[in-house]
Amino acid sequence: MIKVTDLEKYYSTEEIKTIALNQFSFEVNKGEFIAVMGPSGCGKSTLLNIIGLLDDLDGGSFIFNGEDVTHYNERKRANLRKHNIGFVFQSFNLIDQLTVFENVELPLIYIGMKKADRKKRVHEVLEKMQIMHRRNHFPQQLSGGQQQRVAVARAVVNNPKLILADEPTGNLDSSNGDEVMELLTELNDQGATIIMVTHSEHDAKYSHRIVRMLDGQKVTEVSLV
Amino acid sequence: MVLNFLKISLRNLKKRLPFTLINILGLSIGMSCFLLLMAYTKYEENYDDFQENKNQLYRIIFERYKGQELISVSPAVMPALGYKIKDEILGIKHMSRFSYGGGIVKNERITAEEGKIFYADADFFKMFSFPLIVGNPSNVLESPNSMVLTKSSALKYFGKLNVIGKELEVSNEFGSVKFNITGIAKDLPLNTSFNFDFLCSYNSIYSGQGWFEHHWMWWSYPTIVSVSNTRDLENVKKQFPEFIKKYKTNPIEADVTWTFDFQPIQDIHLKSDFRKEALGRDSRARTLNLLKIIAILILVISWVNYINLSTASSTERAKEVAVRKFIGAYRSQISKQFLFEAGLINCMAALLSIGILFLVITPFSSLLGLDYSIEILMQPSFWSYLLPLVVFGIMASGLYPAFVLASFKPTDILKSKTISTTGSNTVRKVLVGVQFTISIILIACTVIMMHQNDFMKNQDLGVDINNVIVIKKPNFVEKQVYESRLNSFTKELQKSTKAEYVSASFGLPSIGSWGLAVWKSTEDSDTQQVHIVNGVDANYIPAYDLKLLAGRNFDENRVADESAAILSKKSLKILGIDNPNDAIDIGLRLEIFGDRVFHVIGVIDDYHHNSLKTEIGGMVLIPNTGYWYGSPRFFSLKSNGGLPINKVLEEAKHTYDTFFPGDLFEYYILKDKFQKQYVEEDRNQSVFTLFSVIAIFLACIGILGMSSFIAFMKMRDIAIRKVFGADKFVILWILSKEFLVVLIGASCVSIPVAIYFMGDWLADFPYRVSIGVWHFTTTIFLIVIITSIVIGINLYRSLSRKPIGVLKGE
Ligand SMILES: Nc1ncnc2c1ncn2[C@@H]1O[C@H](COP(=O)(O)OP(=O)(O)O)[C@@H](O)[C@H]1O
Ligand SMILES: [Mg+2]
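Remember, predicted model here, so these are calculated numbers, not experimental data. (Residues numbered from 1 in each chain as written. Chains lettered and ligands numbered in written order. Predicted model: local features only at pLDDT ≥ 70, side-chain atom pairs only at ≥ 80, totals over all residues. Heavy atoms only, no water.)

Undergrad: Any details on the sheet that holds strand β9 (residues 209-214) of chain A? Residues and values, ideally.
TA: Think of a sheet as strands paired side by side through backbone hydrogen bonds, with each pair either parallel or antiparallel. Residues and elements named next belong to chain A. Taken together, six strands build an open sheet; the order of strands is β6-β7-β8-β3-β9-β10 and the sheet is mixed. Each of the sheet's edge strands pairs with one partner strand only, and the pair in question is β6 (85-89) and β10 (217-223). The mean inter-strand angle of the sheet, taken between neighbouring strand axes irrespective of direction, is 15 degrees. Where strand β3 (residues 33-37) and strand β8 (residues 193-197) come together, four bridges link them in parallel fashion. Counted as the bridge partner of A35 is M196 from β8. (Pairing = 2+ DSSP bridges. Helix = DSSP H or I, 4+ residues; strand = E, 2+ residues; numbered from the N terminus. Axes fitted to C-alpha atoms, helices over the stretch in contact; angles between N-to-C directions.)

Spelled out as structure tokens, the structure:
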């Protein structure tokens, strides 16, 4: 499903040029659950951003679903993103001005779904995430675990083929964290491909394959199945 | 989508309510100012736009040249011209004089002073679109002593409209005449240069007197003609050289060339810059242009505010933008959302500004001394400004923030709490700089204006106008009776009011007198130059404390003093006499006094007879009796504080009523009257002060935005500094430095602009202050104080936050 070859990404700030990704290559098959691990600053988030089509690359190539997306412009990327990819972040990144329902509904608006269909779909997902009773609350009124469930709901509401999670449990205690991991596993069982960045060996155990990084490069790849 | 926009926008606006309110308030203030000033200037520019024949009506302008040099321009012409032009010039359709009368109007019920009495010819109502309620437009002004009055005037004097055939007595320079009412006009729109309350038939003036109809050397009668079309006008102009040749026969004018010009009547109101303007008021075009500039500047400030506040709050919105983007929103969708919000705020502001306008229109028009107020909001053109203003406002204020916000990179934002938008910070500095610049210009102009006005009002005039009450002469008493009682009235007035002096004179400070040509009797009349000639009595010089430099005052007991004259120093200079003592006993001749020679008995020091807006001219005092053409018009009561002012007035009225029973007792305080000459300056000053205050207020909002933004950007920085023990005030200084840079930049731009504008403005005043450094230090000091307060409060608040909270990202 995903094939990146010799990915390069640089950040130049004033005089210092940082190499965030250095000749990074790997492949992800459909239905896989990948954990990406490595010390802080090694380029994990950068990798995720590139795969999520949020950032462009400085070298290498990127095949997504059989399409070469290396040179896609912003509009094309946005289009691909809204139909295929869901994001979950460490800091949840819910929009404070919108209710739980509206936050989850947002991706459906951008793909142009009809209002009645949207409502049905959002309710379905909220139900599944067991957050239905909170649908009219605003994010600040929820606990961290609940917020992350909403974020996951938002990530999956448009049935994305790929879910990208950047330290999804980083801001949660262990029981809330496990809950989120269960959720991701369940989604994976239903066919979603997942790439997750994590610092926790415990969480990584939920995945099929662990990719370890250092200084923008892949160090090892360990299969758990 | 739109509904979704609306929902989210409304919620956003509600969530950041203080921000929203400040934004709407700022915008609506800017819009109100703009709309108000534009509507007002439009109203002024549209004078007589409602006249159906506006393109065919012209006022005749009279110009005299000596060689190439223009020696006089007059919007009023000689009485004879009007009589001849219709018969002798082909293409003139109608002709009417519109000549000012003024005076006192009286019937059995009411006696009152009226300003808007005019004299017009029979064609008047055929030319102008002033509908009559009663009367036939083609002949209401045909016979002598007929009068048309407006509906309100009819109601004022008679309490009813059924007044045809009734009489009103008018007393003014043409005598005391009973007019027969022949018509009633609908009340006039206020924006016309032909604004009358009473319109008398022109042939009532010097009715049937041939000398008047053939007078070619006295230009005092504004004359309007109508032509069928512009081609006719060219034909009319071609006939003039012949016409002039025929009538310019007076040998005095032999080496002078006459020309007549045609001024479209719509230009009368604003484009008349003649010394002798008889219709309408002074030219206000310059003031209007100034107001338009202010209107635009204030609007710009308020838009800048919106931009500033929106991009400042964008830091709060950044996360929202990022989230929307990774979910797959297109950049254009995000821009639209922000534009939509701008639209919403602009519309709300527009609505609010309409409310504000209806609230402030009355105070505004009284500030500007206008006769009208709500009318200007009722013009269609006013409403037609609104839509473009809102649309343009949305573009001007919404596009940039929308662009900035939509261009945030989601990956950058989600990584850290703050965003580095150095680029937009520069833009923000420039924007606040623009606001500072405008504010400094307006405030500096105001400061200089205030200084000049203060200077003019408090300058030593060389004449003592304090404690003087002026009583006007009676109106309805026969000339002979008045003159016979004059002396005893003056004496009695002094006795009853215990005044120090009572002086009867033709003119007095702030009230003109005749401007007459004066020359030495030993010389040719060629040397004549115009001096102010005032008819006074022996009390005039002591009452006004004028300083005698040589010779003596008039003496009532010397018969020879009936043809004595006292000159001012400036008159001496004009006549070419250096030493005051040399002037004593020389003979003078005065225009209109025929062969009579006045002998100089004294010389007084120069003083400001008029406001400091006019240069001191030559002044000749002659006795108000004997050969004087006009009887004294005023009695100046100089009190020494013996009686309180109300007592003085009471006694004066009592004396007046016994001497001139049934007449209208009118008085004023001279000092007030004198200062009223600065009414235009006072008005400009008020307007500038008002709009400077508004500008600085709006700029404060901008500064608020910028300081919040800076505080936000440096929050972490500051928090860390504080953890390591930095003093609050050191930090405050670090933050304020940015404003200092902006302020210095703004000063560099605005000071030269202000110097240029005010230099130009001051150049009109013969007596003026010079622009000094302190005008600008005051201005900048003021701005520094105001902004420090705003920034101080705002930053102090955000600095007081606990550093740990900030670092933890709360
Ligand atoms: N926007 C940026 N500007 C400059 N350097 C960046 C930026 N984003 C990431 N980096 C640098 O790139 C490297 C990789 O960052 P990141 O992918 O966020 O690491 P991780 O997520 O593994 O902690 C780091 O050295 C980081 O400092
Ligand atoms: Mg990371």
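Undergrad: Would you mind going over the pattern of salt bridges in detail, with residue names and values included?
TA: Residues and elements named next belong to chain A. Applying the stated criterion across every chain, the model contains 35 salt bridges over all chains. Residues D56 and K9 are paired through a salt bridge, measuring 3.6 Å at the closest nitrogen-oxygen approach. Taken as a pair, D56 in the loop between α1 (44-51) and β4 (59-64) and K9 in strand β1 (residues 2-13) lie far apart in primary sequence, 47 residues in all. When its relative accessible area of 4% is taken as the criterion, K9 is described as buried. Of the charged contacts in the structure, one is a salt bridge between R149 and E179, with a shortest N-O distance of 2.2 Å. Pair noted here: R149 is in helix α5 (residues 144-156) and E179 is in helix α6 (residues 174-189), with a separation of 30 residues, a long-range link. By relative accessible area, R149 is classed as buried at 11%. Sharing partners across several salt bridges, the network here consists of K9, D55, D56 and R77. (Salt bridge = Lys/Arg side-chain N within 4 Å of Asp/Glu carboxyl O. Buried < 20%, exposed > 50% of the residue type's maximum accessible area, 1.4 Å probe, protein only.)

Undergrad: Report on the confidence of the model for chain B, specifying residues and quantitative values.
TA: Residues and elements named next belong to chain B. Model confidence for chain B is summarised by a mean pLDDT of 84, while 91% of its residues fall at 70 or above. Element-level pLDDT for chain B is lowest in helix α23 (residues 803-808), with a mean of 50, against a maximum mean of 95 in strand β8 (residues 146-150). Low pLDDT, under 50, characterises residues 275-283; the predicted model gives this stretch 27 contacts beyond four residues in sequence or across chains. Contacts of residues 417-423 to residues separated by more than four positions or lying in other chains number eleven contacts, the stretch itself having pLDDT below 50. Both scores are available for the predicted complex, with the pTM at 0.74 and the ipTM at 0.79. (pLDDT = per-residue confidence, 0-100. Contact = heavy atoms within 4.5 Å.)

Undergrad: If you had to explain the state of the cysteines to someone new, which residues and values would you point to?
TA: Residue and element names in this part refer to chain B. Applying the stated criterion across every chain, the model contains zero disulfides over all chains. With no disulfide of its own, C347 has C33 as its nearest cysteine by sulfur position, at a separation of 19 Å. We classify C347 as partly exposed; its relative accessible area is 40%. We note that C700 lacks a disulfide partner, and the nearest cysteine sulfur, in C33, lies 15 Å from it. (Disulfide = S-S within 2.5 Å.)

Undergrad: Describe the interface of chain B and chain A, naming the residues involved and giving the relevant values.
TA: The partner chain A presents 27 residues to the 26 residues of chain B that form the contact. Contact with chain A buries area across many residues of chain B, yet F326(B), I327(B) and Y330(B) alone supply 28% of it, more than any other trio. The interface formed by chain B and chain A includes two salt bridges. Linking chain B to chain A there are six residue pairs in polar contact (both at pLDDT 80 or more). The element best represented in the side of chain B that touches chain A is helix α8 (residues 285-327) of chain B, accounting for eight residues. (Buried area = accessible area lost by both parts, 1.4 Å probe. Polar contact = N/O pair within 3.5 Å; in protein donor to acceptor, adjacent residues only side chain to side chain.)

Undergrad: Residue-level account of the environment of G91(B), with values.
TA: All names here are of chain B. Residue placement: G91 occurs in the loop between α3 (79-88) and β3 (92-100). With a relative accessible area of 29%, G91 lands in the partly exposed category. Excluding residues within four positions of it along the chain, G91 makes contact with S226, V227, S228, D232 and V236.

Undergrad: An account of unusual backbone geometry is requested, with residue identities and associated values reported.
TA: Only a minority of non-glycine residues have a phi that is not negative, and only a minority of peptide bonds are not trans. Residue and element names in this part refer to chain B. Even without being a glycine, N145 presents a positive backbone phi close to 60 degrees. Relative to the helices and strands, N145 resides in the loop between β7 (132-134) and β8. Here N145 falls in the partly exposed class, since its relative accessible area comes to 27%. Its identity as a non-glycine residue notwithstanding, D545 has a phi of 55 degrees, on the positive side. Residue position: D545 is located in the loop between α14 (540-543) and β18 (548-551).

Undergrad: Can you break down a nonpolar patch on the surface residue by residue, with the values?
TA: Taken together, the side chains of F358(B), I374(B), M378(B) and W383(B) define a hydrophobic patch exposed on the protein surface, amounting to about 370 Å² of accessible area. Judged by its relative accessible area of 37%, W383(B) is partly exposed. (Patch = residues over 30% accessible without salt bridge, like charges linked within 9 Å, V, L, I, M, F, W, Y side chains within 5 Å. Areas by Shrake-Rupley, 256 points an atom, 1.4 Å probe, with all protein chains shown as cover.)

Undergrad: Describe in detail the pairing of strand β17 (residues 529-536) of chain B, supporting the description with residues and values.
TA: The side chains of a regular strand alternate between both faces of the sheet. Residue and element names in this part refer to chain B. One ladder, built from five bridges, connects strand β16 (residues 514-520) with β17; its direction is antiparallel. Bridge pairing in β17 links L516 to H531. Summarising the sheet, β17 and strand β22 (residues 619-623) pair through five bridges and their orientation is parallel. The partner of V533 across the bridge, within β22, is V620.

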